[in-house]
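Single-letter residue listing:
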Amino acid sequence: MIETAQAFGVDIGGSGIKAAPVNLEQGGFAEPRLKIATPAESTPRAVADIVRQQLDHFQVPSEAPVGIAFPAPIRPGRALTFMANLDKSWIGVDVTAVFSEACGRPVTVVNDADAAGVAEQQFGAAKGQDGLVIATTLGTGIGTALIYDGVLIPNTELGHIELPDGKGDAEKYAASSIRDRESMSYKKWARRLTKYYGLMEKYFNPDLFVVGGGVSRVSEKFLPYVDIVTPIVPATLHNDAGIIGAAYYAATKAGR
Ligand code: BGC
């Protein structure tokens, strides 16, 4: 691994598994990331094999902190109880133990949206923001991170709040993947996002919403049409936030 990196981050998503050595002084990649497609059968073994390949590719030394952002609520030492977008065989598995074994070293696993939120709070759009920040990721699903005065309240699953009027699970209505699947215009999607963020605003009264995920790169196409009172800004680290946040989390919370 290149000397300018102090930690290694991996982000496991519904479509790709991305990894890069991270420069924690600058809050960016120390080398270009490597993306490998998520296997169609995204079982623990198949996914862990890819993470192992990523470590081998970058020749990550055994003492380097390794952080893995994972799309489900993570409590180290406890079995996973909920999985929305990867193979259901993850349920009942201690995710941290599976990756540590596959990688031949202890690794830190953190919810992907929490990782992204922490990265935005340390290095990005929420830097220096007091009070309650709700960082969201819009991708295959909707992920959320609650950060109060710089402290993360982990494992919130507010992408699954039930929308009124029979609209059901929020991520099945308003995730970026739904916009793609239904070939929805950005303006139409923004109306759906208004319903989602409007409800979040009503229940949580945050000081700031940060909108992340790959689609945050084209935020000018939809964010101006999200009609809520709370300030809402695009993530500045976009899709890199999961990798950077996971690496930061591993380096700062290691051994916890
Ligand atoms: C999962 C969350 C995850 C989010 C983004 C949701 O379906 O339940 O844990 O953070 O997707 O990947």
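Along each chain, numbering runs from 1 in the same order as the chain's sequence is written. Local features in a predicted model are, by the rule used here, given only for residues with pLDDT of at least 70; side-chain atom pairs are given and counted only at 80 or more, and totals for whole chains, interfaces and linings are based on all residues. Excluding hydrogens and water, the side-chain figures rest on all heavy atoms present in the structure.

A word on the environment of Asn23. Mapped onto the elements, Asn23 comes out in strand 2 (residues 16–23). Assessed through its relative accessible area of 7%, Asn23 is described here as buried. Separated by 225 residues in sequence, Asn23 and Tyr248 have C-alpha atoms that sit 9.2 Å apart. Residues count as neighbours in contact if any of their non-hydrogen atoms are within 4.5 Å of one another. With near-sequence residues (within four places) excluded, Asn23 lies in contact with Thr4, Ala5, Gln6, Gly28, Phe29 and Ala30. Within the structure, the side chain of Asn23 is placed 3.0 Å from the backbone nitrogen of Gln26, a separation counted as a polar contact. Comment: elements are numbered from the N terminus, with helices defined as DSSP H or I runs of at least four residues and strands as E runs of at least two. Burial classes: relative accessible area under 20% of the type maximum marks a residue as buried, over 50% as exposed, and values in between as partly exposed (1.4 Å probe, protein chains only). In protein, a polar contact requires one atom able to donate a hydrogen and another able to accept it; more generally it is a pair of N or O atoms within 3.5 Å, and residues adjacent in sequence count only if both atoms are side-chain atoms.

Let's shift gears to the domain arrangement of the protein chain. Accessible area lost upon the coming together of the parts serves often as the stated size of an interface. Segment limits for the domains were obtained from an automatic or database-derived domain assignment. Along its sequence, the protein chain is organised into domain 1 (7–114 + 241–253) and domain 2 (128–236). Put simply, the middle of domain 1 and the middle of domain 2, counted by C-alpha atoms, are 23 Å apart. The interface of domain 1 with domain 2 comprises 13 residues on the first partner and 13 residues on the second. Note on terms: buried area is the combined drop in 1.4 Å-probe accessible area of two parts once they are placed together, counting the loss on both. Both sides of the domain 1 and domain 2 interface together cover about 920 Å² of buried area, and 51% of this is carbon and sulfur. Contact with domain 2 buries surface across domain 1, with Asn85, Ala113 and Asp114 losing the most and accounting together for 51% of the total. A pairing counts as a salt bridge when a side-chain nitrogen of Lys or Arg comes within 4 Å of a carboxyl oxygen of Asp or Glu. Our count for the domain 1 to domain 2 interface comes out at zero salt bridges. One can count three residue pairs in polar contact (both at pLDDT 80 or more) joining domain 1 with domain 2.

A few words on the site of the ligand. Distances are taken per atom, and a residue is near a molecule or strand as soon as one of its heavy atoms is within 4 Å of it. Lining the immediate environment of the ligand, one finds 14 residues, of which Asn111, Asp112, Glu157, His160 and Glu171 sit closest. Between Asn85 and the ligand, the recorded distance is 3.3 Å, taken from a side-chain N or O atom to an oxygen atom. One of the side-chain N or O atoms of Asn111 is found 3.0 Å from an oxygen atom in the ligand. Accessible areas in this description were obtained via Shrake-Rupley with a 1.4 Å probe; residue shielding takes into account the shown protein chains only. Burial of the ligand by the protein amounts to 94% of the accessible area it has alone, namely 310 Å². When contributions to the shell around the ligand are tallied by element, the ones reaching two or more residues are helix 3 (112–123) and strand 8 (142–148). No fewer than three residues from each of domain 1 (7–114 + 241–253) and domain 2 (128–236) sit in the shell around the ligand.

Glancing now at the packing of helix 1 (residues 44–57) against helix 2 (residues 95–103). At a minimum axis separation of 9 Å, helix 1 and helix 2 run at an interaxial angle of 45°. Of the possible angle classes, the one that applies to helix 1 and helix 2 is oblique. Judged by the sense of rotation from one axis to the other, the crossing of helix 1 with helix 2 is right-handed. Two secondary-structure elements touch here, helix 1 through Pro44, Val47, Ala48, Val51, Arg52 and Leu55 and helix 2 through Val98, Phe99, Ala102 and Cys103. Note that Gly is not counted as nonpolar here; it falls among the polar residues with everything else outside the nonpolar set of Ala, Val, Leu, Ile, Met, Phe, Trp, Tyr, Cys and Pro and the charged set of Asp, Glu, Lys and Arg. Per-class residue counts for the contact of helix 1 with helix 2 are nine nonpolar, no polar and one charged. Lines are fitted to the C-alpha atoms to define the axes, a helix being fitted only along its stretch in contact, and any angle between axes, read from their N-to-C directions, falls within 0 to 180 degrees. For this classification, under 35 degrees means roughly parallel, over 145 means roughly antiparallel, 65 to 115 means roughly perpendicular, and everything else is oblique. It is the rotation of the near helix from the far one that decides the hand of a crossing: anticlockwise by less than a right angle makes it left-handed, clockwise makes it right-handed.

The subject of this paragraph is helix 7 (residues 241–253). Multiplying 1.5 Å by the residue count of a helix minus one yields the expected span of that helix. Relative to the 18 Å expected for 13 residues at 1.5 Å per residue, helix 7 spans 17 Å between its end C-alpha atoms, a close match to the ideal helical length. Taken together, the buried positions of helix 7 are Ala241, Gly242, Ile243, Ile244, Gly245, Ala246, Ala247, Tyr248, Tyr249 and Ala250.

Pairing between strands is defined by DSSP: at least two bridges between them are needed. On the basis of which strands lie adjacent, the open sheet formed by five strands has the order 9-8-7-12-13 and mixed pairing. Each of the sheet's edge strands pairs with one partner strand only, and the pair in question is strand 9 (151–153) and strand 13 (232–234). On average, each strand axis in the sheet is tilted by 30° relative to the strand beside it, whichever way the strands run. Of the strand pairs in this sheet, strand 8 and strand 9 are connected by three bridges, and their pairing is antiparallel. Paired with Leu146 across the strands is Ile153, a residue of strand 9.

Another point: the environment of Thr96. Within the secondary structure, Thr96 sits in helix 2. For the pair Thr96 and Ile17, spaced 79 residues apart in the sequence, the C-alpha separation amounts to 16 Å. Thr96 has contacts with Ile74, Pro76, Val107 and Val109, leaving out every residue within four places of it along the chain.

This brings us to unusual backbone geometry. Within the chain, Ser183 stands out as a residue other than glycine whose phi angle is a positive 45°. Structurally, Ser183 is set in the loop between helix 5 (176–181) and helix 6 (186–204). For His238, which is not glycine, the phi torsion reads 45° and is therefore positive. With respect to the helices and strands, the residue His238 is situated in the loop between strand 13 and helix 7.

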